[in-house]
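Residue-level listing of the chains:
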Amino acid sequence: MPERLHVEVDGRRLDISNLDKVLYPQAGFTKGEVLDYYTRIAPTLLPYLRDRPLTRTRYPNGVEGAGFFEKNAPAATPEWVRTVRLPVPGSAKNRENIDFIVAEELATMVWLANLAALELHTPQWRVDAGGHALDPDQMVVDLDPGPPAGLPECYAVALLLRERLAVDGLSGCAKTSGKKGMQLVVPLPGDESADDISGYAKAVADELARAHPGLIVSKMAKQLRPGKVFIDWSQNNAFKTTVAPYSLRAGAVPTVSAPLTWAEVEAGELTATDLTPSVVLERVETLGDLLECGE
């Protein structure tokens, strides 16, 4: 296979390269397979990226090499890729503003995959047509198990959270993180601030931690977490991001942050490694977008 190919995607011309380069050595999963996955999942994934500034985790030398977070649009960003300039207080590089990429079309997905941007992370808010940040349109509650706890314990906490949120008239969908934990994604009307939503999520986490002290912790101190599930309410901070649904994860083998049915959460049998790119593509084909219907 040629090292570099010239392709056209929806009228956009791109160069893609090194398709046979192995990015997940333990699985033999190549850059070409990463491109194939993101191309095929794009119709389902793009609605969750649209209008959201994107943070990428890139692994140009594969998952066993050095990866790095990338927020700013790289110098060679094509002119047709949408970018928005946003403030980043507390930037490690002392930048007041960053030009974020916003992925809105298939060609952008192909371009990002070619850069080995394996993981895609987004905030809980979108930008308007002028690139100005809006109030959050979702609440995300992250469930992070402290070993030896794992996904089974997360499933139990997710069910408790579903019951508690229903008291306040809220409902959401569950997804794996693609690694050891999971998240609940709760749609919101977009008329409350990130501070208000974060405060509400913390209050719920504190309440559940008091009711189930042997299973749940709501404080961030790592020494409190072994054997319990940390309900990370802070994911709703305006400057934090969460792995996007259908994003790949950079583990030993390729897994996906995959939406689940509540029946699957109740059964508690699926593991992160069950939800590979091929399995998730098949699930979308047969079950549709579970994050959209929540059933």
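Please refer to the structure placed before this passage.
A brief structural summary. (Residues numbered from 1 in each chain as written. Predicted model: local features only at pLDDT ≥ 70, side-chain atom pairs only at ≥ 80, totals over all residues. Heavy atoms only, no water.)

Turning our eyes to something else, we now look at the overall build of the protein chain. Helix and strand content of the protein chain: 7 helices and 18 strands. Projected onto the principal axes, the alpha-carbon positions of the protein chain cover approximately 60 × 40 × 35 Å. Partitioning the intrachain contacts of the protein chain with sequence separation of at least 6 by distance along the chain shows that 66% fall at a separation of at least 24. Accessible surface, the protein chain as shown: approximately 13,500 Å² in total, 52% of it carbon and sulfur. Taking the average place of the 30 positive charges on the side chains of the protein chain and the average place of its 40 negative ones, the gap between the two points comes to 6 Å. (Helix = DSSP H or I, 4+ residues; strand = E, 2+ residues; numbered from the N terminus. Contact = heavy atoms within 4.5 Å. Areas by Shrake-Rupley, 256 points an atom, 1.4 Å probe, with all protein chains shown as cover. Lys, Arg positive; Asp, Glu negative; His and termini not counted. Charge placed at Lys NZ, Arg CZ, Asp CG, Glu CD.)

Moving on: the nonpolar core. Within the largest apolar cluster, 78 residues are counted, with the highest numbers of intra-cluster contacts made by Tyr-38, Leu-143, Met-182 and Leu-184. Per-element accounting of this core gives the leading share, 10 residues, to helix α1 (residues 31-49). Listed in part, the 8 residues of the second largest apolar core include Val-84, Leu-86, Val-88 and Trp-125. (Core = buried A, V, L, I, M, F, W, Y, C linked by side-chain atoms within 4.5 Å. Buried < 20%, exposed > 50% of the residue type's maximum accessible area, 1.4 Å probe, protein only.)

The rolling of a water-molecule-sized probe over the atoms marks out the regions of remaining empty space. A complete count under the given rule lists 3 cavities of 30 Å³ or more for this structure. Approximately 90 Å³ is the volume attributed to the largest cavity. Around the largest cavity sit 13 residues that line it, and Thr-122, Gln-124, Gln-138, Ala-244 and Pro-245 are the ones nearest its centre. Counting only elements with at least two residues in the lining of the largest cavity, the list comes to β10 (138-145) and β15 (242-243). (1 Å grid on protein atoms, 1.4 Å probe; cavity = no way out; pocket = protein on both sides within 12 Å on 5 of 7 lines; lining within 4 Å. Points joined across faces, edges and corners; volume = space filled by probe spheres on them.)

Okay, helix α3 (residues 151-167) next. Compared with an ideal rise of 1.5 Å per residue, which puts 17 residues at 24 Å, α3 spans 25 Å between its outermost C-alpha atoms and is within 8% of the ideal. Along α3, the residues classified as buried are Leu-151, Cys-154, Tyr-155, Val-157, Ala-158, Leu-161, Arg-164 and Leu-165. (Expected span 1.5 Å × (residues − 1).)

In a beta sheet, neighbouring strands pair by backbone hydrogen bonds and run either parallel or antiparallel. Read across the open sheet, the 4 strands follow the order β6-β5-β9-β15; overall the sheet is antiparallel. Each edge of the open sheet is held by one strand with a lone partner, namely β6 (68-70) and β15. (Pairing = 2+ DSSP bridges.)

Along the chain, Thr-255 falls in strand β17 (residues 255-256). The buried category is assigned to Thr-255, whose relative accessible area is 5%. There is a polar contact of 2.6 Å between the side chain of Thr-255 and the backbone oxygen of Gly-178. Contacts of Thr-255, omitting those with residues within four sequence positions, involve Gly-178, Ser-247, Leu-248, Arg-249, Ala-272, Thr-273 and Leu-275. (Polar contact = N/O pair within 3.5 Å; in protein donor to acceptor, adjacent residues only side chain to side chain.)

It is worth spelling out the pairing of strand β1 (residues 4-9) at this point. Note: β1 against strand β2 (residues 12-17), 6 bridges, orientation antiparallel. Paired with Glu-8 across the two strands is Arg-13, which belongs to β2. Hairpin remark: β1 followed by β2, antiparallel, with 2 residues in the connecting loop; positive phi at Asp-10, about 50°.

Here we have 6 strands laid out as an open sheet, ordered β13-β14-β10-β12-β11-β18, and mixed in their pairing. Looking at strand neighbours, the two that pair on one side only are β13 (216-217) and β18 (259-260), the edges of this open sheet. Sheet strands in contact with α3 are β10, β12 (182-187), β13, β14 (229-232) and β18, and its direction is about 20° off that of β12. (Axes fitted to C-alpha atoms, helices over the stretch in contact; angles between N-to-C directions.)

Helix packing for two helices is described by the angle between their axes and how far apart those axes are. Where α1 meets helix α6 (residues 277-287), the closest approach of the two axes is 11 Å, and the angle between their N-to-C directions is 30°. With respect to α6, the element α1 is oriented roughly parallel. The crossing of α1 and α6 is left-handed. Residues Tyr-37, Arg-40, Ile-41 and Thr-44 of α1 touch α6, and the partners they reach there are Pro-277, Val-280, Leu-281 and Val-284. (Parallel < 35°, antiparallel > 145°, perpendicular 65-115°, else oblique. Left-handed = near helix turned anticlockwise from the far one by under 90°.)

In the structure shown here, the tally under the stated rule is 18 salt bridges. For Glu-105, the salt bridge is made with Arg-12, and the minimal N-O distance between the two is 3.2 Å. A residue pair is termed long-range when its members are at least 10 positions apart, and Glu-105 in the loop between β8 (97-102) and α2 (106-114) and Arg-12 in strand β2 qualify at 93 residues. With its nearest N and O atoms 3.1 Å apart, the salt bridge here joins Glu-119 to Arg-249. Of this pair, Glu-119 sits in strand β9 (residues 117-122) while Arg-249 sits in strand β16 (residues 248-249), and the two are 130 residues apart along the sequence. The pair Glu-119 / Arg-249 is uniform in exposure class, with both members buried. (Salt bridge = Lys/Arg side-chain N within 4 Å of Asp/Glu carboxyl O.)

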